[in-house]
Every structure is written in structure tokens, then in C-alpha cells.
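# Remarks on the overall topology
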Amino acid sequence: MTSVLDLSALTVDQQVDELKRQFLLLRGTDAVVRALVGELPVRQYISMIEQGYRVLLEQGEHGYCLVLCPDGSTPRTGLRGAHSLVSHRDGRVYCNTTSNRVAVIDGSTRRVIKHVPVGDDPSHLELSHDGARLYVANSGSNDVTIIDTTGDQEITTASTGKRPLLPCIAPDGKAVYLPSGPDRSVTVLGTDGEFRSEVAVGAAPHDIAVSPDSRWAYQPNSASHSVTVINGRDYSVVGEIKVGLGPGHIAFDPESRFAYIANTISDDVTVIETANHEAVATIPAGKGAHLPALCADGRYGYVANFASDDLTVWDCRDHRVVATIPVGVYPHFFALSPDGKWLVVSNTGESSVCLVDAHEHVTRSRLEVGGGPAHLTFSPDNECAFVGCERSDEVAVIDLRHQRVLDLIKAGDCVLE
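I will try to describe carefully the structure that is included in this document.

Basis of the calculations
- Residues numbered from 1 in each chain as written.
- Predicted model: local features only at pLDDT ≥ 70, side-chain atom pairs only at ≥ 80, totals over all residues.
- Heavy atoms only, no water.
- Helix = DSSP H or I, 4+ residues; strand = E, 2+ residues; numbered from the N terminus.
- Polar contact = N/O pair within 3.5 Å; in protein donor to acceptor, adjacent residues only side chain to side chain.
- Contact = heavy atoms within 4.5 Å.
- Buried < 20%, exposed > 50% of the residue type's maximum accessible area, 1.4 Å probe, protein only.
- Salt bridge = Lys/Arg side-chain N within 4 Å of Asp/Glu carboxyl O.
- Pairing = 2+ DSSP bridges.
- Axes fitted to C-alpha atoms, helices over the stretch in contact; angles between N-to-C directions.
- Expected span 1.5 Å × (residues − 1).

### Re the side chain of Asp309
Here Asp309 is to be found in the loop between β26 (300-305) and β27 (310-315). Side-chain polar atoms of Asp309 contact the side chain of Arg54, separated by 2.7 Å. Each residue touching Asp309, except ones within four places of it in the same chain, is listed here: Arg54, Ile325, Pro326, Val327, Gly328, Val329, Tyr330 and Pro331.

In C-alpha cells:
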């Protein structure tokens, strides 16, 4: 059954709300909803697939259409359970959880040892490179909580732009970058929260990245289809690079020579040469190309494709695609294990994690975990992966050697699912 909705007269937010309502109403059926939305629906499309709704983008003679496919997959519902997590070198694991807190987990005993209060609606976490500071972006209170990891106590709370996104710490440890979508800006702070700069960037900035030599910060702007280039020494804007449609996340090669930007709407990856900040190649990817990553030696690159449920693999020597790896429903996040053996993939749409052989580019295991698996990290000994499960507010512990789930740790006081 296919139905047609004309949403072109509605605002962007109203269009998204109606599409979500239709998905939940028809979820698990064979229905298809074709929604006319008018101009290129950058915000609507990216918002929907970021939250795990099965949607495709088509262009017709009367404008753009979002095609909703309400299958049995499980979208993220906005609950702030365990989503983002990081691993300390001493074995502690930090993750955001309910009631505006960060859970501190002992990775060896797999028990929560403390909850640290933070700002409103904590979304993403990042550790300083020496492990001394934890940065928590609070999207509800428009600030970042800085925690001293020696005693897991708050040092300070520093103001940012509205709804700060993923904190990014420069490799030299001298600056922290936080993008703000509503403000079209990046706040730059010192390591203890001291204000350095507010940098104007393009429309709908997402996940900023800093080159390994700390020379450049590249800010993908999803709605202006560009990357803003920021000088890492004085935080001035030195240019803007046109890339594919809907750029969101970015990865640099180990030598800071190239940057790879995943373009969610044009389903490809733009390759930028940092010497002159020019796009030099385009790598085709799957539907909804979202998150890029490179292996430690820079030989291969990977991108997770939201809407086609797979990973695209390319050879960084000639930027040619060498493999496509089927995974689970809606691969929201993936990471390479520190020893280079595994690609661990979170499949948010089906509450599973895939273990992919990083050498053979073949999925070896598909493990059931808590609801809404998202970001992940690894134990210092490389034996385990920890996966934040947002909908059930749990952290899944995966034994990589034996390819099995060891535990599901309740991060908050109650299970949300």
C-alpha cells in the first residue's frame, strides 16, 4: 500500500513531526508513504535518518519527495539513555545517562561506581588525550561540563553556542572545539574552559575534526554543503570548500594530508587535499553515507551508510572502492579496534552489533545487545568493546576474542525500554 502526502505547506519541524507520526503508526507494515516536501529537504532527511527512521530521498518533476518505509526497525525516540561513551586508560568507562548525569563504570568489574551530575541533556563526551579531563556537551543548557577524572569531580561549566554537538580536542591538547547548529558557529575553549574564540561557519554545522598535526580544523556544514577551514593557530577562517550534499562527519589521514567527508544526501565521500584545501576526488558510497574512518596506517577508508545498511571500503592510495560489507539495520556508529583486527558496528535499527573482520572485510558475528546501540569504545587491553545502548540505557560489553556479549550494564537508575 502506497499513500501520498503533500507536506509542502508545512514548516520543516512540522514535516518531520508528521513523518515520525506516520512511521510509528504504520511501523511493521508493508506501507510506503511518499511525502511531497518542496525544496531539497536537507534538515528533514538528515534529521530522520540520524534518528533511525527508514526514509529515502527522491527528486521528481514537482520537487523533492521523502519516501517513508515503516518496516520493523526501531528508531531512536529521543530518550537520553547511554549514547556516547569513552574509555580511560585506567579501565574506567564514562557514558551519558538519564537525569543529566554521566555514569562512571569500572570496566574490569563491569559495575557503575559513580554518577556525576552535569548540565541539561548531555549528548556527547570526549576525553583529553592525557585522560585528565572529561568534556560533556550539554545540548539542553548550552554549555560543556569539564570533569577532573582524578576524582571524577566537576571543575567548571563553560558556555557554548546553542545545542553544542560533539566536542573535539585538538591533538596537541591546546583547544576544544564545539559546533553549534542553531548559531552556525564553533566555540573554541582552552582545556580548562577558558574562552578562546567564536568562529562563524556554514549552515547546520555537525561534527568538526582537527588534523593530526593540529594545523587545521575542518567543519562540515550539512545545509550549506561545504566545509569551513579554520586555522588551528589563531582560529581564523581561511576558506570554505564546496563538497557533496549534506556533509556531516569527517576523518583525516594519519599524516594530515587528506580529509574524507561523508556526504549524507549525495551518498558519497569527498576527498580534500589539505595542502591547498581543495577537493580532489569523490568516492561513491551507499545510501545515507554518514560516518567515515581510516585504519591506523591510513591504507583503507570506511564509511557507514545509514539507509543501505552497509559499509563502503576504499583504498586510500587511489580512492577506489574495494568492498561493500553488509551489516545490520541502520549502522549508526562503528569503530576500528586498536589492534586493527575488528570493525565493530552498532546497528541502531535492530539492537545488534556486527563484528567485521577488518582484514577480510567480512562480517563474522552479529550479536544482540540492548535497545538503540550507538557510540562505542574499547578497553585498554583491547579485549572488550563497550557499546552505549540509548533506548535501554545500558552499556553492552563484548568479548572480541570469543565474539560474545559478556554483560549489559544498567547505566542509570531505571531501564527505559
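### Considering unusual backbone geometry
For Arg184, which is not glycine, the phi dihedral falls at a positive 50°. Considering the arrangement of structural elements, one finds Arg184 in the loop between β14 (176-180) and β15 (185-189). Backbone geometry at Tyr330 places phi at a positive 60°, although glycine is not the residue there. As for its position among the elements, Tyr330 is in the loop between β28 (320-326) and β29 (331-336). Residue classification places Tyr330 among the buried positions, given a relative accessible area of 2%.

### Let's talk about the pattern of salt bridges
A complete count under the given rule lists 18 salt bridges for this structure. Asp71 is the salt-bridge partner of Arg54, the closest N and O atoms lying 3.1 Å from each other. Here the residue Arg54 occupies a position in the loop between α2 (42-50) and β3 (55-60), and Asp71 occupies one in the loop between β4 (63-68) and β5 (85-87), the gap between them amounting to 17 residues. For Asp71, a relative accessible area of 27% corresponds to the partly exposed category.

### Considerations on the sheet that holds strand β30 (residues 342-347)
Strand order in the open sheet made by the four strands is β29-β30-β31-β32, with antiparallel pairing throughout. Looking at the sheet topology across the chains shown, the edges are occupied by β29 and β32 (362-368). Averaged over all pairs of adjacent strands, the angle between their axes in this sheet comes to 20°, without regard to strand direction. Relative to β32, strand β31 (residues 352-357) runs antiparallel, the two sharing six bridges.

### Some thoughts on the sheet that holds β5
Pairing is antiparallel in the open sheet, where four strands are placed in the order β5-β6-β7-β8. Taken across any chain shown, the strands that pair with only one partner, and hence form the sheet edges, are β5 and β8 (111-117). Within the sheet, the average angular offset between the axes of one strand and its neighbour, ignoring direction, is 20°. By the bridge criterion, six bridges tie strand β7 (residues 101-106) to β8 in an arrangement that is antiparallel.

### Quick look at helix α1 (residues 12-26)
Look at α1: 21 Å from first C-alpha to last across 15 residues, which is about the 21 Å you get at 1.5 Å a residue. Summarising the contacts, the buried residues of α1 are in contact with β1 (2-6), β2 (32-38), α2 and β4.

### Some thoughts on the environment of Pro331
By the element assignment, Pro331 lies in strand β29. Sequence-wise, Pro331 and Glu350 are 19 residues apart; in three dimensions their C-alpha atoms are separated by 9.4 Å. Apart from residues lying up to four places away in sequence, Pro331 is in contact with Ala304, Asn305, Phe306, Asp309, Asp310, Val345, Ser346 and Asn347.

### Considerations on the side chain of Ser214
Relative to the assigned elements, Ser214 resides in the loop between β17 (209-210) and β18 (216-221). Looking at Ser214, the relative accessible area reads 7%, which means it is buried. Only 2.9 Å separates the side chain of Ser214 from the backbone nitrogen of Asp172, close enough to count as a polar contact. In contact with Ser214, other than residues within four places in its own chain, are Ala170, Pro171, Asp172 and Gly232.

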